[in-house]
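# A structural walkthrough
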Amino acid sequence: MKPNQPNRYIAALYMRLSKEDIEKESKQNQSTLDTDKESASITTQRKMLTAYAKENGFIIYDEYIDDGISGTTFDRPNFKRMIQDIEDKKINMVITKDLSRLGRDYITSGQYTEIYFPSKGVRYIAINDGYDSDSPYTDIAPFKNIINEMYARDTSKKIRSSFIAKMNDGDFIGNFAPYGYQKDSENKNHLVIDPDSSIYVKEIFKMAASGLKPKDIVKSLNDRQILPPVVYRCEKYHLNVDNFSKHKEWTTSTISKILHNVVYLGHMAQRKTTKVSFKCKTTIQNPKKDWIVVENTHEPLIDNETFQLVQRLSESRTTCKGTKGFVNIFSGIAKCPDCGRNMSSTGTRKKGSPANLVCGQYKLYGSSRCSNHNIDYNILYSIVLESIQEQIKLVGDKDAFIQELQNELKTDNETKEAEQQLYTLQKKSEQIDGLIEKLYEDNFKRVISNERFQKLLSKYEKESQNIRDKMDTLTKAQESAHIQISQQESYNKFLKILEEFEQIDTLTPDLLFKLIDRIEVCQGHYEKTEHGKIKHQIVKIYYRFIGKETRKEYCV
């Protein structure tokens, strides 16, 4: 039977249920969500639509089911298939349970009910809402469409509020765990280490910390045919990779995202993007200040020192490239001690020198903001190289150095003895406080005279003060011991890095970022002599882990 025959309707039975409604249905039935099983609501809709079509003598052409898709979008596979069948003149009627099954976007829903269906000669019926486009009483439809959208908008707000609350609690709310992790089988909002992919995350950071660039890491992984994150995820969960990515191999973008992701430190950073509207899939990037970051939510894969080193190396690569082959290896490390800005390269007239370094703020704004802190690039290079070579000599005297440091530290027995003394003094202090309290009570009850009260009070107060002084001394000694132990651990880390180098004759950005926290170039001053002006300038080098500065003064 053809649709264009008079009074003959060939109907499309359209059914839809959102993912949120499916989850509600599962909770009500106290069952787990099964995406492969048809929801009960769809079964109910089918029975209702089929019975209605048969009762009214409508021929059923086909069923169109979008199970688990929101009504706020019309990008639904079976809805689009139904529209195509309308275009091909295979159907001239659409039947739904109610107007909300067609959609919850009142503007687009109205376009279909008021414009598209009539223009195609399609009769539309929403059974529960009593809507029939052939009836003259259809004025209520636009209002119902608005109510349906308001329901969808309200649901969207509630879901978003729920997600934000979970984010603030440090719960993971993504569909898929980040590469290197998997969702906890006992708590889907908690991440646990994936034993397979985590190996390569650690390797990526190790390669980056050794100085390899992202493109080199990409080549290494692709040459060994290591599955990139998207392909690995699709194979693990039996998904079609074509639906997720066009790239089937590692890219520098993927490596960069991994190297900058704090999730590998055990922290959760979410709400990096926001949807423009609940009716639109378009997302916008949120500034970092609007991210929701919760620390220590899961087991880290990378230690903080490695992560920070990788960030510093990455920053240096983006800022140290110069012109005419010159590369400023001190970019991101050399600082102005007055304003804190990076030292920036500038031209020089000195023969044989590639550049001068000046305060970045002075270079941009002049002397109104800072002084120049000018230094010849080659001179700074020589100063830093000499200082590092001196540090390397410490490796030979490492045992003697650590032994000397340990002699200054308190032994375990001394520490335990100090703790026992503190405990004893604390108990004694509490006893004296009790005596003073009792003394006030006796004086109030006139058990002792005022003269006797004053003498005893003075005695107890003096004794109490002596105890507090002793406790303060012991506490400061303990804090000093902890600081010294921490210093020893830091020196050990620094010396361990130095052990990697037997001899250094050339500086590289990777070497500098491994050894040095920052270099401060102080403002120089000139001294007039009989041989002319001499420039005096101090350079302070702060090595990683050590903390204290190494001063170098030079004259030219």
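Residues numbered from 1 in each chain as written. Predicted model: local features only at pLDDT ≥ 70, side-chain atom pairs only at ≥ 80, totals over all residues. Heavy atoms only, no water.

Secondary structure summary: the chain contains 17 helices and 19 strands in total. Here the chain holds 556 residues, and 40% of them are scored as buried. For the chain, the share of sequence-separated contacts (at least 6 apart) that also reach a separation of at least 24 residues comes to 63%. Element-wise, carbon and sulfur atoms account for 49% of the exposed surface of the chain, whose accessible area totals about 33200 Å². (Helix = DSSP H or I, 4+ residues; strand = E, 2+ residues; numbered from the N terminus. Buried < 20%, exposed > 50% of the residue type's maximum accessible area, 1.4 Å probe, protein only. Contact = heavy atoms within 4.5 Å. Areas by Shrake-Rupley, 256 points an atom, 1.4 Å probe, with all protein chains shown as cover.)

Taken together, the side chains of Glu-430, Asp-433, Glu-437, Glu-441 and Glu-461 define an acidic patch exposed on the protein surface. It is helix H15 (residues 412-444) that contributes the most residues to the negative patch, 4 residues altogether. Judged by its relative accessible area of 38%, Glu-461 is partly exposed. (Patch = residues over 30% accessible without salt bridge, like charges linked within 9 Å, V, L, I, M, F, W, Y side chains within 5 Å. Salt bridge = Lys/Arg side-chain N within 4 Å of Asp/Glu carboxyl O. Lys, Arg positive; Asp, Glu negative; His and termini not counted. Charge placed at Lys NZ, Arg CZ, Asp CG, Glu CD.)

Turning to the side chain of Asn-189, a few remarks are in order. Counting through the fold element by element, Asn-189 comes out in strand E7 (residues 187-193). Not counting the four nearest positions on each side in its chain, Asn-189 is found in contact with Lys-166, Gly-170, Asp-171, Phe-172 and Ile-173.

Okay, the environment of Asp-242 next. Tracing the sequence through the fold places Asp-242 in the loop between helix H9 (229-237) and helix H10 (252-259). By relative accessible area, which is 55% here, Asp-242 ends up exposed. Along the primary structure Asp-242 and Val-230 are separated by 12 residues, whereas in three dimensions their C-alpha atoms are 9.9 Å apart. Polar contacts involving the side chain of Asp-242 include one to the side chain of Lys-248, which spans 3.2 Å. (Polar contact = N/O pair within 3.5 Å; in protein donor to acceptor, adjacent residues only side chain to side chain.)

Here the focus is the pairing of strand E1 (residues 10-17). Counting buried positions over the 8 residues of E1 gives 8, a clear majority of the element. Burial of E1 is two-sided: the residues Ile-10, Ala-12, Tyr-14 and Arg-16 facing one way and the residues Ala-11, Leu-13, Met-15 and Leu-17 facing the other way are all buried. Bridge analysis of E1 against strand E2 (residues 59-67) gives 8 bridges, and the strand direction is parallel. Among the inter-strand pairings, Tyr-14 is bridged to a residue of E2, identified as Tyr-64. Two strands pair when backbone bridges link them, and E1 and strand E3 (residues 93-96) are joined in this way by 3 bridges, in the parallel orientation. Bridging from a neighbouring strand, Leu-13 pairs with Ile-95 of E3. (Pairing = 2+ DSSP bridges.)

Now for the packing of helix H7 (residues 198-209) against helix H8 (residues 214-223). One way to put it is that H7 packs onto H8 with a least axis distance of 10 Å and a crossing angle of 140°. Accordingly, the angle class assigned to the pair H7 and H8 is oblique. Judged by the twist between their axes, the crossing of H7 over H8 is right-handed. Across the interface between the two elements, Ile-204, Met-207 and Ala-208 of H7 pack against Ile-217, Ser-220 and Leu-221 of H8. When the residues that make up the contact of H7 with H8 are grouped by side-chain class, the tally is 5 nonpolar, 1 polar and no charged. (Axes fitted to C-alpha atoms, helices over the stretch in contact; angles between N-to-C directions. Parallel < 35°, antiparallel > 145°, perpendicular 65-115°, else oblique. Left-handed = near helix turned anticlockwise from the far one by under 90°. Nonpolar A, V, L, I, M, F, W, Y, C, P; charged D, E, K, R; others polar.)

Adjacent strands of a sheet pair through backbone hydrogen bonds, lying either parallel or antiparallel. Read across the sheet, 3 strands follow the order E13-E14-E15 without closing on themselves; strand pairing throughout is antiparallel. With one partner strand each, in any of the chains shown, strand E13 (343-346) and strand E15 (375-376) form the two edges of the open sheet. Pairing of strand E14 (residues 356-359) with E15 involves 2 bridges; the strand directions are antiparallel. If you follow Asn-356 over to E15, its bridge partner there is Asp-376.

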